[in-house]
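A look at the structure
Here's the letter readout for the chains.
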Amino acid sequence: MGRVGSAARGHARRTGTVAVAAAAAALCLTAPAEARPAPTADDPSYSATTSVGVHNAYEQAKYPYFADALDSGASLLELDVWTNAFGSGWRVSHSNPLGNDNNCENAAGQDELRTKPRDQSLAGCLADMRAWHQAHPGHRPILVKVEMKDGFNGEKGRGPADLDALLGATLGDAVLRPADVVGGHATLDEAVQAGGWPSRSALAGKFVVELIPGTVEENNPLDTLWTDREYATHLRELSAAGQLGQAAAFPAVHGAATGDPRTRYTDAALRPWFVLFDGDASTYVTSGIDTAWYDDRHYLLIMTDAHNVAPPIDGTNPTETQARDRLSQLATRHASFATADWYPLPSVLSTVVPRG
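A short tour of the structure in this document, coming up. Model, not experiment: these values are computed from the prediction.

Further remarks concern the overall build of the protein. Counting secondary structure elements, the protein contains 12 helices and 10 strands. Residues counted as buried form 52% of the 356 residues belonging to the protein. Partitioning the intrachain contacts of the protein with sequence separation of at least 6 by distance along the chain shows that 69% fall at a separation of at least 24. Carbon and sulfur atoms make up 53% of the accessible area of the protein, which totals about 14500 Å².

The next thing to look at is the packing of helix α3 (residues 122-135) against helix α4 (residues 160-171). Following both chains from N to C, one finds α3 and α4 inclined at 35°, their axes separated by 9 Å at the closest point. The two elements α3 and α4 cross, and the hand of that crossing is right-handed. For the pair formed by α3 and α4, the contact residues are Leu122, Ala123, Leu126, Met129 and Arg130 on the first element and Leu163, Leu166, Leu167, Thr170 and Leu171 on the second.

The subject of this paragraph is the pattern of salt bridges. Per the counting criterion, the structure on display carries 14 salt bridges. Between Arg114 and Asp68 there is a salt bridge, with the nearest N and O atoms lying 2.7 Å from each other. Of the two residues, Arg114 sits in the loop between β3 (91-92) and α3 while Asp68 sits in helix α2 (residues 66-71), which places them 46 residues apart along the sequence. By relative accessible area, Asp68 is classed as buried at 19%. A salt bridge links Lys149 to Asp80; the shortest N-O distance between them is 4.0 Å. Of the two residues, Lys149 sits in the loop between β4 (142-148) and α4 while Asp80 sits in strand β2 (residues 76-82), which places them 69 residues apart along the sequence. Each member of the pair Lys149 and Asp80 is classed as buried. Among the charged side chains, a network of salt bridges with common partners joins Glu59, Lys62 and Asp341.

Among the nonpolar cores identified, the biggest contains 95 residues, and Phe66, Leu77, Leu122, Trp197, Phe207, Leu330 and Trp342 are the most heavily contacted of them. Counting residues per element, this core draws most heavily on α3, at six residues. The residues touching Trp197, leaving out its near neighbours within four places in the chain, are Pro39, Ser45, Tyr46, Ser47, Leu176, Val181, Val192, Phe250, Val275, Leu276, His298 and Leu300.

This part covers the packing of aromatic side chains. Evaluation of the coordinates by the stated rule reveals 13 aromatic pairs. Centre to centre, the rings of Trp197 and Phe250 are 5.5 Å apart; their planes meet at 50°, and the pair counts as tilted. With a gap of 53 residues between them, Trp197 in the loop between α6 (188-195) and β5 (207-213) and Phe250 in strand β6 (residues 250-254) connect regions that are remote in the sequence. You'll find Trp197 and Phe250 in the same group, each marked buried.

What follows is about unusual backbone geometry. With the exception of glycine, the majority of residues adopt a negative phi angle, and the majority of peptide bonds are in the trans configuration. At the junction of Ala310 and Pro311, the peptide bond is cis and its omega measures out at -5° in the coordinates. Here Pro311 lies in the loop between β8 (300-304) and α11 (320-332). Although it is not a glycine, Asp119 adopts a positive phi angle of roughly 65°. In this fold, Asp119 is placed in the loop between β3 and α3. You can call Asp119 partly exposed: its relative accessible area is 36%. We note that His334 has phi near 75°; this positive angle belongs to a residue other than glycine.

Moving on, we come to the environment of Pro160. Looking at where Pro160 falls in the secondary structure, it is placed in helix α4. For Pro160, a relative accessible area of 10% corresponds to the buried category. Each C-alpha atom of the pair Pro160 and Ala247 lies 8.4 Å from the other, and the pair is 87 residues apart in sequence.

Examined against the element boundaries, Thr316 turns out to sit in the loop between β8 and α11. Judged by its relative accessible area of 23%, Thr316 falls in the partly exposed class. The residues touching Thr316, leaving out its near neighbours within four places in the chain, are Asp341, Trp342, Tyr343 and Pro344.

All right, on to the packing of α4 against helix α8 (residues 227-240) then. Where α4 contacts α8, the two axes come as close as 10 Å, and the packing angle between them is 80°. Compared by their axis directions, α4 and α8 come out roughly perpendicular. Mapping the contact onto sequence places Pro160, Ala161 and Asp164 in α4 and Glu230, Tyr231, His234 and Leu238 in α8. Its residues placed into classes, the contact of α4 with α8 shows four nonpolar, one polar and two charged.

Time to look at the state of the cysteines. Applying the stated rule across the entire model yields one disulfide. Here Cys104 engages in a disulfide with Cys125; their sulfurs sit 2.0 Å apart. Looking along the S-S bond of the Cys104-Cys125 disulfide, the torsion reads about 100°, which is the right-handed sense. A residue pair is termed long-range when its members are at least 10 positions apart, and Cys104 in the loop between β3 and α3 and Cys125 in helix α3 qualify at 21 residues. Judged on exposure class, the residue Cys104 and its partner Cys125 are both buried.

Thresholds applied
- Residues numbered from 1 in each chain as written.
- Predicted model: local features only at pLDDT ≥ 70, side-chain atom pairs only at ≥ 80, totals over all residues.
- Heavy atoms only, no water.
- Helix = DSSP H or I, 4+ residues; strand = E, 2+ residues; numbered from the N terminus.
- Buried < 20%, exposed > 50% of the residue type's maximum accessible area, 1.4 Å probe, protein only.
- Contact = heavy atoms within 4.5 Å.
- Areas by Shrake-Rupley, 256 points an atom, 1.4 Å probe, with all protein chains shown as cover.
- Axes fitted to C-alpha atoms, helices over the stretch in contact; angles between N-to-C directions.
- Left-handed = near helix turned anticlockwise from the far one by under 90°.
- Salt bridge = Lys/Arg side-chain N within 4 Å of Asp/Glu carboxyl O.
- Core = buried A, V, L, I, M, F, W, Y, C linked by side-chain atoms within 4.5 Å.
- Phe/Tyr/Trp six-rings, centres within 6.5 Å; stacked < 30°, edge-to-face > 60°.
- Parallel < 35°, antiparallel > 145°, perpendicular 65-115°, else oblique.
- Nonpolar A, V, L, I, M, F, W, Y, C, P; charged D, E, K, R; others polar.
- Disulfide = S-S within 2.5 Å.

Listed below in structure tokens is the structure:
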């Protein structure tokens with residue numbers, strides 16, 4: 001009886017410590033960027049580290065439930081989302097544009113994780129994230145990469161503002177918003193270059209949502225407004241109206257390119273709303289791209305298909321040494337995240353190393 005009581009008191013002390021730490025981190029995050037404590041070697045900025053992500057973490061062959069992906073230790077988890085009018089809602093699937101095919105279950109709370117039918121909508125995946133978040137206060141910051149397979153569909157209630165509303169309704173204050181980073185600055189670019197991202201401890205318990213154009217969207221000759229440009233326009237308009245706090249995601253420039261890849265946007269006023277960049281690891285490493293440019297400006301750089309960089313290693317089951325060596329290699333090339341299908345290696349997925 002005494003041992004049980006002692007354990008309970010110990011749990012209460014630990015829970016209280018986590019709550020105090022989470023509250024302190026929240027206060028730090030909501031302070032203006034210039035008033036936040038400067039990141040240190042022991043508590044680096046979010047942009048000063050390199051970590052590991054899992055490609056298409058919603059697939060049941062990788063994780064039976066999305067809660068398992070969240071438990072994996074990975075710093076980045078990817079979802080594929082469809083919005084076309086031939087199906088309802090925001091669908092999460094790799095190749096089925098009409099329905100859901102995933103490991104999400106729409107848990108109403110932590111007690112329902114791994115108990116309900118899967119193949120749920122994006123709202124169901126976000127509900128699982130919220131339930132898991134409640135069960136793991138102060139968890140590592142997790143970047144949720146959303147590939148909008150066929151882009152937004154505002155006519156069906158699946159536009160940028162609708163996504164913001166969905167993220168806010170499900171994740172609430174667990175989502176890092178662009179306004180949290182901008183603070184008193186004019187744009188994301190200005191804020192990130194001036195003070196960088198919050199420290200990793202300040203982002204404890206947070207999800208960061210990244211948006212990229214999808215493969216169908218990018219190959220559709222009739223689609224002239226891709227996800228990246230549409231959401232960046234949304235950010236600019238919200239900021240102009242003094243309503244940036246409504247936005248809940250960060251658009252990324254998709255595709256490795258030399259120089260400043262934002263010059264592809266003919267409307268120069270959109271460029272300062274991009275501080276995430278996402279492309280093929282091999283291209284970044286072998287095409288003469290100055291990846292230090294991203295690091296120097298505190299931009300986040302996601303390098304995909306990390307296993308294909310020469311010499312290639314297995315995309316799913318490399319040895320732990322091979323995977324760690326590849327992570328170190330890409331960290332020296334200034335990646336913020338190296339992604340692959342290394343879900344069988346949780347010890348690697350949870351690794352965070354200095355960037356650069």
